Amino acid sequence: MTTAAIETAGPAVRVRFLGDFELTVNGAPVQRWRAGKARGLFQYLVVHRGQMLTRDRLYASLWPGADSTAGSSLKVAAHALRRVLDAHPDRPGSSGIRLVYRDFGYVLHVSGLWSDLDRFQELVHGGLRAALARDTPLARTRLRAALDLYGGEFLRGENADWVVEQREYLRALALRALGVLRADAEAREDFVELIGICRRTLEIDRHHEETYRALMAAHGRRGELACVRRWYELCARRMREELSVAPDAETQRLLHTLIPTQAPAAPRAAGDPAATVRALRSAPRRPGAAVWNPDPRTAALARPVRRARPDSRTAAVLARTAD
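Residues numbered from 1 in each chain as written. Predicted model: local features only at pLDDT ≥ 70, side-chain atom pairs only at ≥ 80, totals over all residues. Heavy atoms only, no water.

**A closer look at the overall build of the chain**
Of regular secondary structure, the chain possesses 14 helices and 7 strands. Relative to its 323 residues, the chain shows a buried fraction of 37%. Considering only intrachain contacts with a sequence separation of at least 6, the fraction spanning at least 24 residues in the chain is 54%. In the structure as shown, the chain presents an accessible area of about 20400 Å², 51% of it carried by carbon and sulfur atoms. (Helix = DSSP H or I, 4+ residues; strand = E, 2+ residues; numbered from the N terminus. Buried < 20%, exposed > 50% of the residue type's maximum accessible area, 1.4 Å probe, protein only. Contact = heavy atoms within 4.5 Å. Areas by Shrake-Rupley, 256 points an atom, 1.4 Å probe, with all protein chains shown as cover.)

**Concerning the sheet that holds strand β2 (residues 22-25)**
Taken together, 4 strands build an open sheet; the order of strands is β3-β2-β1-β7 and the sheet is mixed. The two strands at the open ends of the sheet, each matched to only one other strand, are β3 (28-29) and β7 (113-115). One ladder, built from 2 bridges, connects β2 with β3; its direction is antiparallel. In the sheet register, Val-25 faces β3, and the bridge partner there is Ala-28. (Pairing = 2+ DSSP bridges.)

**What about the side chain of Ser-61?**
Tracing the chain through its elements places Ser-61 in helix α3 (residues 55-62). Exposure remark for Ser-61: the relative accessible area of 17% places this residue in the buried category. When neighbours within four sequence positions are excluded, Ser-61 is seen to be in contact with Tyr-44, Ala-160 and Trp-162.

**Focus: helix α2 (residues 38-47)**
Extensive coverage of α2 is indicated by the burial of 8 of its 10 residues. Along α2, the residues classified as buried are Ala-38, Gly-40, Leu-41, Phe-42, Gln-43, Tyr-44, Leu-45 and Val-46.

**Section: the nonpolar core**
Ranked by size, the top nonpolar core spans 70 residues in total, and within it Leu-23, Leu-41, Phe-42, Leu-85, Phe-120 and Phe-154 carry the most contacts. Counting 7 residues, the second largest nonpolar core, distinct from the first, contains Met-216, Tyr-232, Leu-254 and Leu-255. (Core = buried A, V, L, I, M, F, W, Y, C linked by side-chain atoms within 4.5 Å.)

**Here's the deal with the environment of Glu-250**
Structurally, Glu-250 is set in helix α11 (residues 249-258). Since its relative accessible area comes to 46%, Glu-250 is described here as partly exposed. The spatial distance from the C-alpha of Glu-250 to the C-alpha of Glu-209 is 9.5 Å, given a sequence separation of 41 residues.

**Points about the pairing of strand β6 (residues 105-110)**
For β6, the buried fraction is high: 5 of the 6 residues fall into the buried class. Pairing geometry for strand β4 (residues 53-54) and β6, over 2 bridges, is antiparallel. Bridged to Leu-53 within β6 is Tyr-106. Two strands pair when backbone bridges link them, and strand β5 (residues 97-102) and β6 are joined in this way by 6 bridges, in the antiparallel orientation. Note that in β6 the partner of Arg-102 across the bridge is Gly-105.

**Details of the packing of helix α9 (residues 209-221) against α11**
Contact pair α9 / α11: the axes reach a minimum separation of 10 Å and the direction vectors enclose 10°. Put simply, α9 runs roughly parallel to α11. Touching Glu-209, Arg-213, Met-216, Ala-217 and Gly-220 of α9 are Glu-250, Thr-251, Leu-254, Leu-255 and Leu-258, all from α11. Grouping the amino acids of the contact of α9 with α11 by side-chain chemistry returns 5 nonpolar, 2 polar and 3 charged. (Axes fitted to C-alpha atoms, helices over the stretch in contact; angles between N-to-C directions. Parallel < 35°, antiparallel > 145°, perpendicular 65-115°, else oblique. Nonpolar A, V, L, I, M, F, W, Y, C, P; charged D, E, K, R; others polar.)

**With respect to the sheet that holds β6**
Paired through their backbone hydrogen bonds, the strands of a sheet run either parallel or antiparallel. Across the sheet, 3 strands lie side by side as β4-β6-β5; this open sheet has antiparallel pairing. Of all strands in the sheet, those bounded by a partner on one side alone are β4 and β5. Helix-sheet contacts for α2 involve β4, β5 and β6, and the interaxial angle to β6 is about 70°. Running over the sheet, helix α4 (residues 73-85) touches β5 and β6 and is turned about 155° from β5.

**Side note on α9**
With 13 residues, α9 ought to run about 18 Å at 1.5 Å a step, and its terminal C-alpha atoms sit 18 Å apart, in line with that. In terms of burial, α9 is a largely internal element, 10 of the 13 residues being buried. Among all positions of α9, only Glu-209, Thr-211, Tyr-212, Arg-213, Ala-214, Leu-215, Met-216, Ala-218, His-219 and Gly-220 are buried. Where α9 is buried, its residues touch α7 (161-188), α8 (191-204), α10 (225-243) and α11. A positive phi of about 75° marks Gly-223, the residue just after α9. (Expected span 1.5 Å × (residues − 1).)

**Remarks on the pattern of salt bridges**
For the coordinates displayed, the defined rule picks out 17 salt bridges. For Arg-49, the salt bridge goes to Asp-118, with nearest N and O atoms at 2.5 Å. Within this pair, whereas Arg-49 is found in the loop between α2 and β4, its partner Asp-118 is found in helix α5 (residues 116-132), the two being separated by 69 residues in sequence. A relative accessible area of 32% means that Arg-49 is categorised as partly exposed. Across the salt bridge formed by Arg-213 and Glu-250, the nearest N and O atoms sit 3.7 Å from each other. One end of the pair, Arg-213, is in helix α9; the other, Glu-250, is in helix α11, with 37 residues separating them in the sequence. According to the relative accessible area criterion, Arg-213 is buried, its value standing at 14%. What you see here is one network of salt bridges that share partners, running through Arg-140, Arg-144, Asp-184, Arg-188, Asp-190 and Glu-193. (Salt bridge = Lys/Arg side-chain N within 4 Å of Asp/Glu carboxyl O.)

Following this line, the structure appears as structure tokens:
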């Protein structure tokens, strides 16, 4: 089959929402929009295509605070959209797009549409169902394919409320997919893949503590304690400086488990004072012997009292000794 035949057989409209927005109609990218809100109107209609969206809802999402009964912004944007996409309500052009006004609102119909948003959600949900069914190879394949499509946050750079809401939902789906893949890599002890998954997770959510713990545990199993501490410190700094909170108790417990605060001391050479102290502590006590006390302030109290004997030295020697 030739390339032209493949393109003809494929969807006439291709839309990318994840990362930078991109619209292609019959192989040609749409780059110029006749009205400022025409592109935003199309984005919103595609996400909710097939639904009748009232004027009030469209104004609340695209022109918040504007009066939907008095303004003409929606009509201008809809007219521009029809001209850009050849989306006549009665006679759709070669794109197969129809924008229809009905019952005080608009509905968008698109025949032959491919969207990375739809495909991403389909792959994630299919992968999660496969994971629940314990079909690990299928879950791994679908979730990896979904994350390949996740080229960035939904409509990067735009901040309308409806965009932020959709963005957070998709981010949660991506993190769920990464969590399943991370558990799979841990079970297979695939350290290289695990590190890559954790790095991708932190690109999406730099405060994801479960990921920091996974990195700490992985390095701990390899005996790389300096890496364990560095990942903990990075986590603690980001949580403190960006969220004004401390790491979870579970994260702190993991650090103290992998790097105990009181590490056992190294063996000392014979004759070392500390070694002598340990030997005295562990030596069996003879019956009637005084109990050894390491505190110099109370050591005299623990010694047996001896009766003084007369000193045979001369008084002059004693006096010099006292001086």
